[in-house]
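Structural overview
Residues per chain, in single letters:
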Amino acid sequence: MVALSQMDEGGAPAIRPGDRRARARGLRAGLAVLLGFVMLVSLGWGAADDTRVLAAIGARLGLAEASLRDITIIWDIRMPRMVTAALVGASLAVAGAVMQGLFRNPLADPGLVGVSAGAGLGAVAAIVLGGFLPAALAAFTGAYLVSFAAFLGGWASVIVLYRIATRGGHTSVATMLLAGIALGALTGALTGFIVYRANDDQLRDLTFWGMGSVAGATWAKLVAAGPIIACALVAAPFLARGLDALSLGEPVAAHMGIHVQKLKRIAVLTVAASVGASVAITGGIGFVGIVVPHLLRLVQGPEHRTLLPNAALLGAILLLIADIISRTVVAPAELPIGIVTATLGGPFFLWILLRNRAILES
């Protein structure tokens, strides 16, 4: 029999921290293997089904021979798309885990700090109003105008939000949440006004960008946004101890030696950098930041030291699978990846809510 001290509040056997860590390590190994498999499937999946993936990669590295067609398809089209999907999926999932830890709420996601709304406003403004820019500035930004404007828009919204929520050297999470909702509504209104002035060609671009897509991924875009996302992914695990302490409350975290204000600032800026760069190159993609951390907490527990790296792996896998589906469902056309993630994530998230309804209502 299981001792009462080993029972959780629901009467089920409690999982000891050591067991959770072992489960998380095993899960991480499995996710890493699955990620490698899904990457190979992503590289080999497309209109040219006879493409020799490994031969093309080997030929690029000087280790094998392959046709110029195969090398071009794999290295110049599918590879940047695959890397973009993996990086953005990892970024959104880790950002969601950080936001949920910061707000101490499993329903939190990166959109709460206004990054997505601000980035969307910047991108819409660039698409619709870009033709009015001075010739010198337009030439300087070139093909990166939309991505650059989206990144600046996301950062600007976060800076404004942080200023509003900070008073006397203390940042109120509740104020940040409410101000984020208000800021999202304001940027949404401004976005709608600009969209109203768009022509038919611009509306098509806005519709596809707003639903999210990795179809336009290139090595050049990855060089611009990839280092920002990678730095944010590397920095996030260093927040794990502080986020675990914060789950006990800010006073307890402060007594444990955590600089709570500094933790909040770094967490918000990390999320802003990663999500802003992600939205800049793929557009808006929903549900990854909510569903992935929540699912992992159900499987392995809430400890951020293991949650954050596993969220990166599972987020990358989820978005790669969504990209494969987006290329398949309406082939030879392509479905925006945001529609796929919403279709998969919406019902799953409703199932999570129904499964935990008793806990949420208590």
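Everything in this summary refers to the structure shown in the same document. (Residues numbered from 1 in each chain as written. Predicted model: local features only at pLDDT ≥ 70, side-chain atom pairs only at ≥ 80, totals over all residues. Heavy atoms only, no water.)

This brings us to the nonpolar core. Among the nonpolar cores identified, the biggest contains 77 residues, and Val98, Phe103, Val113 and Met176 are the most heavily contacted of them. In terms of residues, this core owes the most to one element, helix H3 (residues 68-103), which gives 16 residues. Not counting residues within four places of it along the chain, the set of residues in contact with Met176 comprises Phe103, Leu112, Val113, Leu161, Tyr162, Ala165, Thr171 and Val268. (Core = buried A, V, L, I, M, F, W, Y, C linked by side-chain atoms within 4.5 Å. Buried < 20%, exposed > 50% of the residue type's maximum accessible area, 1.4 Å probe, protein only. Helix = DSSP H or I, 4+ residues; strand = E, 2+ residues; numbered from the N terminus. Contact = heavy atoms within 4.5 Å.)

Right, let's talk about the packing of aromatic side chains for a bit. This model, assessed by the stated rule, comprises 2 aromatic pairs. A centroid spacing of 5.8 Å and a plane angle of 40° characterise the contact between Trp75 and Trp219, whose relative ring orientation is tilted. In this pair, Trp75 sits in helix H3 while Trp219 sits in helix H9 (residues 219-235), placing the two residues 144 residues apart along the sequence. Looking at Trp219, the relative accessible area reads 32%, which means it is partly exposed. (Phe/Tyr/Trp six-rings, centres within 6.5 Å; stacked < 30°, edge-to-face > 60°.)

Moving on to the environment of Val195. Within the secondary structure, Val195 sits in helix H7 (residues 173-196). Note: C-alpha distance between Val195 and Ile127 (68 residues apart in sequence) is 9.5 Å. Apart from residues lying up to four places away in sequence, Val195 is in contact with Val124, Leu203 and Leu206.

On the surface, a nonpolar cluster with roughly 290 Å² of combined accessible area is contributed by Tyr144, Phe148 and Leu152. Along the polypeptide, Leu152 turns up in helix H6 (residues 145-165). (Patch = residues over 30% accessible without salt bridge, like charges linked within 9 Å, V, L, I, M, F, W, Y side chains within 5 Å. Areas by Shrake-Rupley, 256 points an atom, 1.4 Å probe, with all protein chains shown as cover. Salt bridge = Lys/Arg side-chain N within 4 Å of Asp/Glu carboxyl O.)

Let's shift gears to the side chain of Thr191. Position of Thr191 relative to the elements: it lies in helix H7. Contacts of Thr191, omitting those with residues within four sequence positions, involve Gly120, Leu121 and Val124.

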